[in-house]
Structures are given as C-alpha cells and as structure tokens.
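Reading the structure
Below are the chains, spelled out letter by letter.
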Amino acid sequence: MVQESHLATDHLIYPMFLVDGNQIKDEISSLPGNYRWSFDLLCKEIESSLVLGLNKFVLFPAVSDYLKDPMASYSYAEENFYLHAIRGVKERFPEAVLMSDVALDPYSSDGHDGLVSNGKILNDETLPILAKMSIAQAQAGIDIIGPSDMMDGRVKSIRMMLEKEGHHNSGIMSYSAKYASSFYGPFRDALDSKPGFGDKKTYQMDTGNREEAINEVRNDVEEGADIVMIKPGISYLDIIRDIKNNFNIPISAYQVSGEYAMIKSASKNGWIDENQTILETSIA
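Structure report, in brief. (Residues numbered from 1 in each chain as written. Predicted model: local features only at pLDDT ≥ 70, side-chain atom pairs only at ≥ 80, totals over all residues. Heavy atoms only, no water.)

1. Structural notes on unusual backbone geometry
With an omega dihedral of -5 degrees, the bond running from Lys231 to Pro232 counts as a cis peptide bond. If you trace the backbone, Pro232 turns up in the loop between β10 (227-231) and α7 (237-246). Even without a glycine there, the phi angle at Gln23 is positive, about 55 degrees. Its relative accessible area of 59% is what places Gln23 among the exposed residues. The backbone of Ala72 shows a phi angle near 55 degrees, a positive value even though the residue is not glycine. Relative to the elements of secondary structure, Ala72 occurs in the loop between β4 (56-61) and α2 (81-92). (Helix = DSSP H or I, 4+ residues; strand = E, 2+ residues; numbered from the N terminus. Buried < 20%, exposed > 50% of the residue type's maximum accessible area, 1.4 Å probe, protein only.)

2. Section: the nonpolar core
With 60 residues, the main nonpolar core has Phe57 and Ile243 as its most contacted residues. Top element by residues in this core is helix α3 (residues 123-140). It accounts for eight residues. Beyond its immediate chain neighbours, meaning those up to four positions away, Phe57 contacts Ile13, Tyr14, Met16, Ile46, Ser49, Leu50, Ala96, Val97, Leu98 and Met99. Counting residues in hydrophobic clusters, the runner-up holds 15 residues, among them Phe17, Ile28, Tyr184 and Ile227. (Core = buried A, V, L, I, M, F, W, Y, C linked by side-chain atoms within 4.5 Å. Contact = heavy atoms within 4.5 Å.)

By themselves, these are just geometric observations and shouldn't be taken as functional.
Set out below in structure tokens:
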C-alpha cells in the first residue's frame, strides 16, 4: 500500500537484435536468453511479447561486414534489411511501439559512432548522415528515433530534418548521458560492432563526470529530445537522480548488456536469485 515506486510492463522496453535471413534464432553467448533474430522469428517473439503486455521494442541491426563502409552508407540504403524489417513489423503489429538505433557503428567499417579521418572522429561531418538515417527509419515506421552516437548537436540536426520531411509526430529518445563504460562488451559481441581502433572515450562521457551529464541533457532537451536516457543504468543511479532533480522530462535508464550478464552469470552459479535481482535492480 505504501510502496513508493512501482514497476509495470508499461515501463519496459525490450531490446532485440536483428539479422538478415530466415529461420535464424542465434543465441548470443555473452547475453544468455537473448538472440539474433531473423525477421520471421522476430515477429513471433514480438507477437508473444504483446500477449504479455510488452509493446515497446528497440531494434538493433547486426550487419554483415561486407555491407559496411567508412561512410556507413548502408544505414539509409533502400535495400537495408533493417528498414524492411521495421516496415514488416509495423504492418503486422501496428500497436507495437518501435524505437530505433541511430549511430554509425553497426554500419561503419571503422566500428565507431561517427565518421573517422586520420584516427579522429569527425563530429560535424557525421550529423548529416545521422539525420539521413533517422529519416529513413521514420519513413519505415519507427515511432521513436534513438540517437546513441553521442555526437554534439545531433538531436537538433535530426529534429530539424524530421520536421522538414513532415515527420512531426516522430519522437526522439536521446542517449543523453552515455558513459564510456566497460559494461558494453556483450552488446558489441551481439552486433559485432567493436571499434576498429582505439575506444569511444573522445565522444562518450567520462565515467567520473556528473556536471557534464546535466549539460548534455540540457543541450538535448533544448534541441528537441522528448525522452532522455542515462546509460548504463544501475551503475549511474546518482546521475538519474541528478537529471530528475533538474529537468521535467521523461527519463529512461538502460540496464546494459554487462549489467544484465552479471546478473545472469551470478544466478547461474546459484549466488543470487535471478528473478528477485532483476525486479530489485529495475525498481532501483
């Protein structure tokens, strides 16, 4: 009766990994219970999730290396299997809320979220590609665009392009405070999107910074974000509270692959109760 915080299926977003092909359900070894799905089996999983009351899905593409190039041009190509899958899911399940991933790393032969030149990330030159990718996703049927790249100014660039192209009802869930975390390893295994060189510390956030998170969120809100995300989730609960204290905007937290994998591993060894830990961390 007096519990302050409640968790319901309405609060949850299901991350799903998509591959090209048919009859593929490939378990990700570092993410037990998660799979790379082909479109046909992805639809069956979405259908069963809807029965459970889970209707929000964020889709991530696992792209073959031969389709990758330095300009990430496949990200908005007409033949992109990811875009075709979005259209197919929307046609079959119009009640499903689909969220996208906007970054270059799934499509880039360099494995980084932005364009690369001489070992450096080109922030401003990346923005038009992110906007172009967002338009292609909105046209395919994505409800909420999810820029995860952490390039400065990308929310404004995407919002302006969405408005220009008539996608006035498309939302933006910005990965606003995305830390350069060691907890992303299993996710990169899932998408085969490890950086080709170096790391992502020049554009993701320093793990010791709090004020920067507030500044990043403020910029994204002013540029047109509808929801802001803190990532990772459990390791940065203080940042979630800081953002909540400073902004009146919906906040999402991503319990990332490494955090999930630790729970799964510990429960497999009998050290913790899996279901209770999932519930506890999610409520936290």
